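Close look at the chain arrangement
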Amino acid sequence: MSSTVIVGSQWGDEGKGRIVDLLSGQVDMVVRFQGGDNAGHTVVKGKDIFKLHFIPSGILYPDVTCVIGDGVVLNPEGLISELDDMKSKNIKVDNLKISCKAHLVMPYHIMLDKADEHRLGKSMIGTTHKGIGPVYSDKSARSGIRTQDLQDLKIFRTKLEEELKFKNAIIEKIYKMEPLDPGEIFNRYRDYAKRIGKYITDTSLLINQFLNLNRRVLFEGAQGVMLDIDHGTYPYVTSSSTTAGGVCTGAGVGPGRLDEVIGVVKAYTTRVGSGPFPTEIKDGTGDYLREKGNEFGTTTGRPRRCGWLDAVILRYSAMLNYMDSMAITKIDVLSGINPIKICTGYEYEGKRFYDLPCHQTILHKCTPIYEEVGGWNEDISGVKDFEGLPAATKKYIKRIEELVKVPVSMISVGPERSQVIIIDSSVKKRLFDRDKRSTLIV
Ligand code: GDP
Ligand code: IMO
Ligand code: MG
């Protein structure tokens, strides 16, 4: 396989970063293709914990080229603080490349993100306040400023001054806040340009050159399918394409370039921010999962909402991403919960839904249909192979495969590199016929 896509299959924080880190040992390049520092990808290596927001999770391997692709929105200040963090931990960043087409997060984007959320009050999305919605809005409105503008500061200044006239009018007249000073922003970004200018290049060309030479490329998704701008629980979503399709536009590669898609699936479900979440657990079991799974946002520190695994969402993810296999993470967190519930479908006004209902009212109001499976009490964090897992754990994993109709290729039992059980997916794939996946066994 020359290219592999890693995507989140739920509402983000599935453990994509640790899976990318694991697979990075076998590749030549890792590419982030969408999102910004709303993402928080954790990689644990020995005693060191890395919380990556912009820098791809392949950075711990000095020979791997790490790309921040065209579809990413970049806040230079955030990137620079991450680069400093890497330096303090003796991690080399010489192989970092930043797309010349990536859009820049500007101070007004962050201000407007916060102000918009405040305006929405109870209907707020619960964003990360990183300016993501406003910067992608400007990109679509064709008034954005890109990394390449940092390489021609005259153009940068003209664009900034023009845009700020409009943004300051909103800031002052609608939100009654102090206007921003273009000179101050210009000076800051000029300094950023000095620091990050050397990394800016034509990354889509570079990625395609790697693929032409049969070098192995890993595409690292941020967020998850249910936060996708088109396919997620709109408007409670992020503003980019988080599915495998987003790789083509966000990295600048044709669809035929993608050989394999792995969906990362947390063994239960979490969500940060507002929006529908049918399998949310509101009693002590939810608190248990939050504490044991350390379910607090990597970016914002907010407590994550916790719930049971939802097979409807996973089937939706399998369909949209055309997943080849699933990497199941955090299964160790379920030890001690008995029974464990899996949502197999939804019920709403006497009807049953096994595919994600198109109308979101149903998702808000439906009752999940649960199936109970036996739990286990053993600590499984040291288990090295599938056979070594308790019978109940194996049964849980098998049931997920049956319900989603996608084989499991990896199971993680702890956050460290060594705590992953690799299952030979090439053998397992033969057991599943991709074209028959629409027939459900429930
Ligand atoms: P990402 O955004 O998808 O990369 O996921 P995050 O890094 O935001 O959240 C996943 C969290 O779970 C991180 O703190 C990881 O260190 C941790 N984690 C990942 N896999 C496992 C696992 O198998 N077991 C446990 N206990 N923790 C894990
Ligand atoms: P990773 O890559 C979990 C959520 C926010 C909010 C919504 C919109 O670590 O999985 P935004 O700031 O993007 O406008 O917020 O999306 N969100 C995430 N939730 N993991 C993430 O990234 C997220 N990135 C954004 O909490 O509900
Ligand atoms: Mg995260």
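Computed from a predicted structure; not experimentally measured.

A word on the site of ligand 2. Taken together, 21 residues form the shell around ligand 2, and within it Asp13, Lys16, His41, Thr128 and Thr238 come nearest. One of the backbone nitrogen or oxygen atoms of Gly126 is found 3.4 Å away from an oxygen atom of ligand 2. Here Thr128 contributes a side-chain N or O atom positioned 2.5 Å from an oxygen atom of ligand 2. For ligand 2, whose unbound accessible area comes to 550 Å², protein coverage reaches 97%. The site holding ligand 2 turns out to be the largest pocket. For the shell around ligand 2, a count of residues per class yields eight nonpolar, 10 polar and three charged.

What follows is about the site of ligand 1. Not every one of the 19 residues close to ligand 1 is listed here, only the nearest: Gly15, Lys16, Thr42, Asp332 and Ser412. Separating an oxygen atom of ligand 1 from a backbone N or O atom of Lys16 is a distance of 2.8 Å. Here Gly17 contributes a backbone N or O atom positioned 2.8 Å from an oxygen atom of ligand 1. If ligand 1 stood free it would expose 590 Å²; the protein chains cover 92% of that surface. A majority-of-atoms criterion places ligand 1 in the second largest pocket.

A few words now on the sheet that holds strand E19 (residues 408–412). The strand order E9-E7-E5-E2-E10-E1-E11-E15-E19-E20 describes an open sheet built from 10 strands, whose pairing is mixed. The open sheet is flanked by strand E9 (200–201) and strand E20 (420–422), the only strands paired with a single partner. In terms of strand pairing, E19 meets E20 through three bridges, oriented antiparallel. Bridged to Met410 within E20 is Ile422.

A few words now on the coordination of the magnesium ion (ligand 3). Listed as protein donors to the magnesium ion (ligand 3) are Asp13 (OD) and Gly40 (O); their distances from the metal cover 2.1 to 2.2 Å. Of this pair, Asp13 sits in the loop between strand E1 (3–8) and helix H1 (16–24) while Gly40 sits in the loop between strand E2 (29–32) and strand E3 (41–45); the two residues are 27 residues apart in sequence, bridging distant segments of the chain. Judged by its relative accessible area of 21%, Asp13 falls in the partly exposed class. You can call Gly40 buried: its relative accessible area is 10%.

Taken together, the buried positions of helix H4 (residues 132–141) are occupied by Ile132, Pro134, Val135, Tyr136 and Asp138. Here the buried face of H4 lies against strand E6 (73–74), strand E8 (103–104), helix H3 (107–120) and helix H5 (153–174). Of the residues one or two after H4, Arg142 is the one with positive phi, at around 65°.

Looking now at the packing of aromatic side chains. Per the stated rule, a full pass over the model turns up five aromatic pairs. Ring centres 6.2 Å apart and planes at 45° place the aromatic pair Phe156 and Phe186 in the tilted group. Linking Phe156 in helix H5 with Phe186 in helix H6 (residues 182–196), this pair joins segments that are 30 residues apart in sequence. Just as Phe156 is buried, Phe186 falls in that class too. Judged by centre distance (5.8 Å) and plane angle (20°), the ring pair of Phe156 and Tyr189 falls under stacked. Pair noted here: Phe156 is in helix H5 and Tyr189 is in helix H6, with a separation of 33 residues, a long-range link. Grouping aromatic residues by their ring pairs yields a cluster made of Phe156, Phe186, Tyr189 and Tyr192. In this structure, Lys89 is placed above the aromatic ring of Phe50, and the distance from its NZ or CZ to the ring centre is 5.1 Å.

Conventions adopted
- Residues numbered from 1 in each chain as written.
- Chains lettered and ligands numbered in written order.
- Predicted model: local features only at pLDDT ≥ 70, side-chain atom pairs only at ≥ 80, totals over all residues.
- Heavy atoms only, no water.
- Near = heavy atom within 4 Å.
- Polar contact = N/O pair within 3.5 Å; in protein donor to acceptor, adjacent residues only side chain to side chain.
- Areas by Shrake-Rupley, 256 points an atom, 1.4 Å probe, with all protein chains shown as cover.
- 1 Å grid on protein atoms, 1.4 Å probe; cavity = no way out; pocket = protein on both sides within 12 Å on 5 of 7 lines; lining within 4 Å.
- Sits in = over half its atoms within 2 Å of the grid points.
- Nonpolar A, V, L, I, M, F, W, Y, C, P; charged D, E, K, R; others polar.
- Pairing = 2+ DSSP bridges.
- Helix = DSSP H or I, 4+ residues; strand = E, 2+ residues; numbered from the N terminus.
- Donors = N, O, S within 2.8 Å, 3.2 Å for Na, K, Ca; no water.
- Buried < 20%, exposed > 50% of the residue type's maximum accessible area, 1.4 Å probe, protein only.
- Contact = heavy atoms within 4.5 Å.
- Phe/Tyr/Trp six-rings, centres within 6.5 Å; stacked < 30°, edge-to-face > 60°.
- Lys NZ or Arg CZ within 6 Å of the ring centre and 35° of its normal.

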